[in-house]
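Here's the letter readout for the chains.
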Amino acid sequence: MVKNTAKISKVLEINNCNDSDLFKVLYVPEFWEEINPTKKMEAKFTAPNVLHTKIYDEVDIIKIPIEMEGELVLSDKGQDPGKGHLIEFNVRNNKDVRELEGRLRIKPLSPNKSKVGVFVESFTLSSDFLSSMGGVSDLVLQNKISEMLRNIEKYCKTKDLKDFLR
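What you see is a predicted model; the values in this text were computed from it and never measured.

Novice: Any chance you could explain the packing of aromatic side chains here in plain terms?
Specialist: In this description, a pair of aromatic rings is defined by centroid distance and the angle of the planes. According to the stated counting rule, one finds 5 aromatic pairs in the structure shown. An angle of 75 degrees between the planes, with centres 6.1 Å apart, marks the rings of Phe-31 and Trp-32 as edge-to-face. Here Phe-31 falls in the buried class, since its relative accessible area comes to 1%. Connected via pairs of aromatic rings, a cluster forms that spans Phe-31, Trp-32, Tyr-155 and Phe-164.

Written as structure tokens, this is what we have:
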């Protein structure tokens, strides 16, 4: 087991993105399938705040296929005046990722513009997975988070988040 000590922070301002709608769609599995930066993802909520996913992907840098299954637990910490809505997250029941903890913040900049930040505090991979990845796990996670935020931005340019709420 190797612990990744690098802190990862990605922040993006997204137009046509209402903060309240974005918060609500975080609890819709189809939203995650739409914005996921992998080749394929199956998602479902097994509890109101537990997203179970099966991910199929390939690490572009070293061309290794990856299949992962696990749960993302979202803990709503509420609105923080001036800072926006805070959701803490952690991964569990994943044989490849032993620990992934962080937070997501959604701050309204206007009724139709939001600042979204993803902040990873800790990241620990199992040794089997790490050996197949070499030393690129940190870079891969940073890239996937950036792609996910860009996918939200692309979605909001042409579609409405409310479509997930119907």
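There is more to say after this.
Novice: Explain the state of the cysteines here, please?
Specialist: The term disulfide refers to a covalent linkage connecting the sulfur atoms of a pair of cysteines. A complete count under the given rule lists 0 disulfides for this structure. There is no disulfide at Cys-17, and the cysteine sulfur nearest it, in Cys-156, is 4.2 Å away. Under the relative-accessibility criterion, Cys-17 is labelled buried at 0%.

Novice: Got a minute to help me understand the nonpolar core in this structure?
Specialist: Soluble globular proteins tend to bury their nonpolar side chains together. Ranked by internal contacts, the top residues of the largest apolar core, which has 40 residues, are Leu-22, Phe-31, Trp-32 and Leu-161. Sorting elements by how many residues they give to this core places helix α4 (residues 137–158) first, with 7 residues. Each residue touching Leu-22, except ones within four places of it in the same chain, is listed here: Cys-17, Phe-31, Ile-106, Val-116, Ile-152 and Leu-161.

Novice: For this particular structure, what's the right way to read the pattern of salt bridges?
Specialist: On inspection of all chains with the given rule, the structure shows 9 salt bridges. Here Asp-57 and Lys-144 are joined by a salt bridge, their closest N and O atoms 2.6 Å apart. In this pair, Asp-57 sits in strand β4 (residues 50–59) while Lys-144 sits in helix α4, placing the two residues 87 residues apart along the sequence. In this structure, Lys-77 and Glu-88 form a salt bridge, with 3.9 Å as the shortest nitrogen-oxygen distance. Placement of Lys-77 in strand β5 (residues 64–80) and of Glu-88 in strand β6 (residues 84–92) is noted, with a sequence separation of 11 residues between them.

Novice: Hey, could you run me through the side chain of Ser-122 in this one?
Specialist: Mapping Ser-122 onto the fold places it in strand β8 (residues 113–125). The buried category is assigned to Ser-122, whose relative accessible area is 8%. There is a polar contact of 3.2 Å between the side chain of Ser-122 and the side chain of Glu-99.

Novice: What should I look at first to understand the environment of Asp-160 in this one?
Specialist: Mapped onto the elements of the fold, Asp-160 is located in the segment after α4. For Asp-160, a relative accessible area of 37% translates into the label partly exposed.

Novice: For this particular structure, what's the right way to read the pairing of strand β7 (residues 97–110)?
Specialist: Two faces make up the sheet, and in a regular strand the side chains alternate between them. The pairing of β6 with β7 spans 6 bridges and is antiparallel. Note on β7: the bridge partner recorded for Glu-88 is Arg-103. Count of turn residues in the β6/β7 antiparallel hairpin: 4 residues, of which Asn-93 carries a positive phi of about 55 degrees. Here β7 runs beside β8; their pairing, made up of 12 bridges, is antiparallel. Among the inter-strand pairings, Arg-105 is bridged to a residue of β8, identified as Gly-117. Linking β7 back to β8 in an antiparallel pair, the connection comprises 2 residues.

Definitions and limits used
Residues numbered from 1 in each chain as written. Predicted model: local features only at pLDDT ≥ 70, side-chain atom pairs only at ≥ 80, totals over all residues. Heavy atoms only, no water. Phe/Tyr/Trp six-rings, centres within 6.5 Å; stacked < 30°, edge-to-face > 60°. Buried < 20%, exposed > 50% of the residue type's maximum accessible area, 1.4 Å probe, protein only. Disulfide = S-S within 2.5 Å. Core = buried A, V, L, I, M, F, W, Y, C linked by side-chain atoms within 4.5 Å. Helix = DSSP H or I, 4+ residues; strand = E, 2+ residues; numbered from the N terminus. Contact = heavy atoms within 4.5 Å. Salt bridge = Lys/Arg side-chain N within 4 Å of Asp/Glu carboxyl O. Polar contact = N/O pair within 3.5 Å; in protein donor to acceptor, adjacent residues only side chain to side chain. Pairing = 2+ DSSP bridges.

None of this, on its own, says anything about what the molecule does.
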